[in-house]
Each structure stands twice: as structure tokens, then as C-alpha cells.
Amino acid sequence: MTEKIQTLIAGQWRDASGPEYSTEYPADGSTVARLHAATADDVNEAVQAAEVARHQPAWANLKRHERAGILHRIASGIRARGEELAQLQRLDNGKPINETRALVASAAGTFQFFAAACETWEDALTPARGDYMTMSVHEPLGVVGAITPWNSPIASEAQKLAPALAAGCAVVFKPAEITPRMAIELAKIAQQAGVPDGIVSVLPGKGSVVGDALVKHPLIKRIAFTGGTTVGMGIQRLAVEKLMPTSLELGGKSPTIVCADADLDHAVAGVLYGIFSSSGESCIAGSRAFVHASVYDEFKRRLLAGVKNLRVGDPASETTQMGPLVNMSHRASVERYVQLGIDEGGQVLFGGQRPQGAMFDQGSYYMPTVIEGLPNQARMCQEEIFGPVLALLPWSDEADLIAQCNDNVYGLASGIWTRDYKTAWRIGQALQTGTVWINTYKLFSVSTPFGGVKLSGTGREKGRLGILEYTSQKSFYWGLNEHPMPWATA
Ligand code: NAD
């Protein structure tokens with residue numbers, strides 16, 4: 001049954017003012033929810049209300065340990081509704097239930113972490129160079145905008161909401177049009193946890209309308225964005241007009257390197273997980289596997305044996321490893337990339353098609369796909385596909401390998417499989433990526449900063465210092481001199 005949902009705007013649960021639209025379950029195309037899209041007027045209302053709310057004593061006067069208490073209650077609220085949230089996110093973007101459960105758990109962990117960081121972060125008494133005392137304190141930036149994509153809503157939204165609230169900011173959310181649910185549920189949980197009305201609003205709808213109005217609004221003091229590089233660059237251009245800080249978590253085309261001495265069982269499992277979990281709809285997907293020529297054939301044999309065993313199917317099933325892609329138009333884009341790879345001379349070793357069978361007919365499913373025979377320069381190896389498509393590339397010379405890995409506009413993540421720690425360190429230092437995984441892949445910890453280099457973005461999320469991204473520093477000089485300033489009295 002289709003659910004009609006409302007959203008939280010300026011402290012009121014109501015319909016947004018734009019046209020009604022619906023969201024679909026990617027596994028069968030059925031309608032999940034109906035809601036209204038927001039308008040530029042809604043953006044203005046939410047931002048104005050947030051600006052008022054953030055100055056009210058109920059929020060502005062909270063001590064850090066009191067804000068930490070609210071964050072702890074949000075973490076508990078998420079955990080209390082954990083299974084329900086995981087099921088709702090599965091319906092929104094078709095990810096397998098085991099994956100959405102992990103995302104919900106990580107969101108709760110993010111609030112818990114930033115609660116601790118909020119309560120323990122210290123301002124500075126800086127060394128004075130004369131008869132005075134100097135302090136540097138952090139103040140909340142103000143009202144911030146958070147714009148998120150559809151692939152891991154609750155996790156990306158928690159990564160923005162938790163540090164922003166910890167810093168004392170107010171937050172106006174713009175979730176992806178097709179996956180609005182998690183941001184709306186987070187707003188509900190935040191309200192129940194004691195976040196005052198107006199401090200959090202959620203504006204579903206189109207990026208070109210709602211996102212654009214949010215970025216341009218004069219009272220928005222920061223944009224935390226996760227999404228594609230083209231959109232991120234547009235946001236950065238607008239941000240320059242008001243010298244507004246941004247964090248941009250953008251796309252990737254991450255290389256995974258298998259060295260001659262790698263434990264091949266570990267490497268195969270890591271490469272499979274790196275590209276095919278989340279059906280490849282992951283910014284950090286390890287989509288280019290560079291395998292040393294001396295182990296290439298054996299690696300390929302074991303990889304293909306593993307791919308054949310991957311369970312593509314119903315995201316509600318406990319055993320499914322790959323659900324459908326997020327929608328039909330995204331699947332069509334993945335299919336175009338595979339055809340491009342074939343046209344560029346690649347050979348499809350596995351997949352390259354939709355799975356067969358009645359249960360797949362209504363969903364946007366696609367098989368895990370492995371392609372070899374392409375040079376790193378091929379478009380299929382250069383551009384982000386955001387789907388379950390792996391390019392296998394042999395290598396033999398380390399300097400050439402590093403040059404190929406770095407020969408890409410993106411720099412989000414990379415993986416290295418080797419038994420030799422010196423090799424791992426040498427290659428890891430040479431790779432131009434924000435994260436390097438060694439003998440593992442796609443592990444995340446909220447205590448470790450995350451972000452990209454090159455066109456994968458700027459700024460970092462997570463880590464204790466993540467809170468500071470939502471603050472501005474103010475310096476105080478306290479004069480301690482017994483006499484008037486000598487310049488005026490000499
Ligand atoms: P997208 O860039 O199309 O959309 C992201 C968000 O931006 C959505 O909410 C969208 O409505 C909004 N948006 C679109 N146009 C806008 C505009 N003009 N102004 C303001 N907001 C606008 O990305 P997507 O298709 O939703 O997600 C996939 C992309 O996200 C991939 O490129 C992926 O690599 C990236 N991603 C990056 C990370 C990371 O941490 N680096 C994580 C997940 C996804």
C-alpha cells in the first residue's frame with residue numbers, strides 16, 4: 001500500500017508546496033510513498049525559521065554536554081527503530097536488507113561518536129606574546145545546508161547532521177528526490193530527542209529547484225554536499241559568490257592493485273566486495289582492478305568462480321548480495337557503459353546483461369559484470385559508472401602501474417593487496433587518493449576522516465575534527481597591562 005508522507009519544514013509537519021510525486025521500489029517498480037516536492041519558497045521559509053531558532057535560548061544556550069545528550073538520544077532513537085528504518089531504506093533504493101541494516105547501525109554510531117566529540121572538544125588558550133591573554137574559541141557557523149545522494153541516505157545524512165548539531169548549527173536538508181525517506185525519519189527522531197522546532201528541516205524535491213535555492217540562500221553559511229562531480233562543481237561556483245565554505249564528497253573511479261605476492265583468496269574476496277556490494281552504486285567502488293601479470297590468469301579464474309556464485313535477487317531476502325540498481329534509467333546508463341566498453345575493444349568475461357527469470361522482469365536488476373582487454377585510457381576505465389562493472393587490467397612495472405592508477409580525474413579511494421608492508425607503504429604513498437585500503441577494502445570508521453582529492457572533492461567528513469567544519473574560529477585578546485597603551489600616552 002502506498003504511504004502518503006509529510007515532511008518537517010520550519011517546525012511544522014506538512015506537505016511541501018510543490019507538486020506531488022511518488023517514490024518507487026526498485027525491485028518491482030511499485031509505488032512506495034507519495035509526497036510533495038519543495039519549492040524555493042519552502043527553502044526560504046525553512047532557512048528563515050532556522051535562523052530564528054538557532055538564536056533562541058532553547059538551542060543557543062545549550063552547553064556542549066547538553067547538546068551531546070541530545071545526540072545520544074538521537075543515536076538511541078535510531079537504534080530503537082533500527083529494523084523499521086532498514087526496511088524503509090530498502091524500499092527507497094533497493095539495497096539488500098543486510099546492507100541497509102549496517103547503514104542504520106553506522107548512522108547511530110555516527111551520532112554517538114559526535115556526542116562524545118561534542119562533549120570533549122576543547123577551545124584553545126594560545127601562548128601570549130606580551131601582557132595579554134589570547135583565546136581561540138569556536139562558534140557555530142549558523143544555518144547550514146546538507147545535500148545528499150540516493151545511494152546510502154541514512155549514513156550520508158548522519159555524517160552531516162551529527163557534526164552540525166554538535167557544533168550548534170541549524171540544518172536544512174535536501175535529500176535526493178528519489179530517496180527522501182531517511183532524512184524525514186531522522187528529522188522525526190531528532191525532534192523526539194529534543195532538537196527544538198526549526199533547527200532541522202527537510203526539503204525533498206529536485207536538485208535544480210530545491211538544492212539550487214538552498215545553495216544560493218544568503219543565510220546559508222555552509223553546504224555539505226555528497227553527490228556527483230558535475231553538480232558539486234556547480235555548487236562550488238555558487239559558493240564562491242558568498243565565500244561560503246563547502247565540503248564536497250564526489251565521484252570516484254577507484255583502482256585496486258593486486259601484487260604478485262598477494263594472498264589471492266583475500267584479494268579476490270576484497271575485489272568482489274569492493275565492486276559488487278551495493279551493486280557497485282558506491283562512490284568508493286573498486287572499479288579498476290590492476291592485477292600483476294604473473295598472477296593474472298589465476299586471479300581471473302578465482303574471481304570468475306566467485307562472481308558466478310554471487311546471489312543477485314530480492315533485496316528483502318537475508319541472503320541476497322546484490323539487489324536491483326536504483327531505477328531503470330540508471331540501469332540504462334550502466335548498460336550504455338558496458339556497450340561502450342565492448343565497442344572500445346573489451347571482452348565481457350561475465351555478466352554484461354540483465355538476469356533472466358520472471359522475478360527480475362519488473363525490477364532494475366543488472367548482472368555483476370567483468371570486462372578485460374581495455375586500456376586504462378578507455379572511457380569505460382576512466383568514467384564513473386556507479387554500477388556493478390569491473391575492468392580487469394594486467395600490470396608488470398610498478399612505476400607504470402602507479403602512473404595508470406593516478407591517470408584519472410578522480411582520487412577518492414584505492415586498494416592494495418600484498419604481503420609486503422614496504423610495498424604497501426611505497427605504493428600507498430604514491431597513490432593520489434583520499435583513502436588507501438591495504439589488504440582490505442571498503443571498511444569505514446567514523447573516527448577516521450573521509451574525503452577525496454582531485455575531482456573527488458574537497459573537505460573531510462567524520463573524525464573528531466569533523467565538528468570544526470561547522471564552526472568559525474573567533475580569537476579573543478584580553479589586555480592585562482596595568483598602564484594605558486604607550487603609543488597613545490608617550
Ligand atoms: P547527484 O549529484 O545527481 O545528486 C546529489 C544531490 O544533489 C541530490 O540530492 C540532487 O537532487 C542534488 N542536486 C542535483 N542538482 C543540484 C543543483 N543544481 N544544486 C544543488 N543540488 C543539486 O548525485 P546522485 O546521482 O544522487 O548520486 C550519485 C553520485 O554521488 C555519484 O557520483 C557518487 O560517486 C556520488 N557519491 C559520492 C560519495 C562520497 O562520499 N564521495 C558518496 C556517495 C555518492
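Residues numbered from 1 in each chain as written. Predicted model: local features only at pLDDT ≥ 70, side-chain atom pairs only at ≥ 80, totals over all residues. Heavy atoms only, no water.

Thoughts on the domain arrangement of the protein chain
In step 1: Domain boundaries in the protein chain define domain 1 (3-250 + 456-475) and domain 2 (255-438).
In step 2: On inspection of domain 1 and its partner domain 2, the count reaches one salt bridge.
In step 3: Note that Arg-101 and Glu-318 form a salt bridge whose closest N and O atoms lie 2.9 Å from each other.
In step 4: Where domain 1 packs against domain 2, one counts nine residue pairs in polar contact (both at pLDDT 80 or more).
In step 5: Taken together, the elements giving at least two residues each to the side of domain 1 that touches domain 2 come down to α4 (82-93) and α5 (97-120).
In step 6: Its residues placed into classes, the side of domain 1 that touches domain 2 shows eight nonpolar, seven polar and six charged. (Domains from an automatic or database assignment. Salt bridge = Lys/Arg side-chain N within 4 Å of Asp/Glu carboxyl O. Polar contact = N/O pair within 3.5 Å; in protein donor to acceptor, adjacent residues only side chain to side chain. Helix = DSSP H or I, 4+ residues; strand = E, 2+ residues; numbered from the N terminus. Nonpolar A, V, L, I, M, F, W, Y, C, P; charged D, E, K, R; others polar.)

Observations concerning the sheet that holds strand β4 (residues 20-24)
In step 1: Strand order across the open sheet formed by three strands is β1-β5-β4, with mixed pairing between neighbours. Of all the strands in the sheet, the pair left with one neighbour each is β1 (3-4) and β4.
In step 2: The sheet contact formed by β1 and strand β5 (residues 31-36) spans two bridges and is parallel. Pairing of Lys-4 across the sheet is with Arg-34, part of β5. (Pairing = 2+ DSSP bridges.)

Thoughts on the packing of aromatic side chains
In step 1: One pass over the structure, following the stated rule, counts eight aromatic pairs.
In step 2: Between Tyr-132 and Tyr-477 the ring centres are 5.7 Å apart and the planes differ by 45 degrees, which places this aromatic pair in the tilted class. In this pair, Tyr-132 sits in strand β7 (residues 132-140) while Tyr-477 sits in strand β23 (residues 471-479), placing the two residues 345 residues apart along the sequence.
In step 3: Plain terms: the ring middles of Phe-444 and Phe-450 are 5.2 Å apart, the flat faces sit at 90 degrees to each other, and that makes the pair edge-to-face.
In step 4: Using a relative accessible area of 7% as the deciding quantity, one classes Phe-450 as buried.
In step 5: An aromatic cluster of three or more residues is present, and its members are Trp-437, Tyr-441, Phe-444 and Phe-450.
In step 6: Its guanidinium or amino end placed over the ring of Trp-121, Arg-64 lies 3.7 Å from that ring's centre, counting from NZ or CZ.
In step 7: Positioned above the aromatic ring of Tyr-470, the side-chain terminus of Arg-222 is 4.4 Å from the ring centre. (Phe/Tyr/Trp six-rings, centres within 6.5 Å; stacked < 30°, edge-to-face > 60°. Buried < 20%, exposed > 50% of the residue type's maximum accessible area, 1.4 Å probe, protein only. Lys NZ or Arg CZ within 6 Å of the ring centre and 35° of its normal.)

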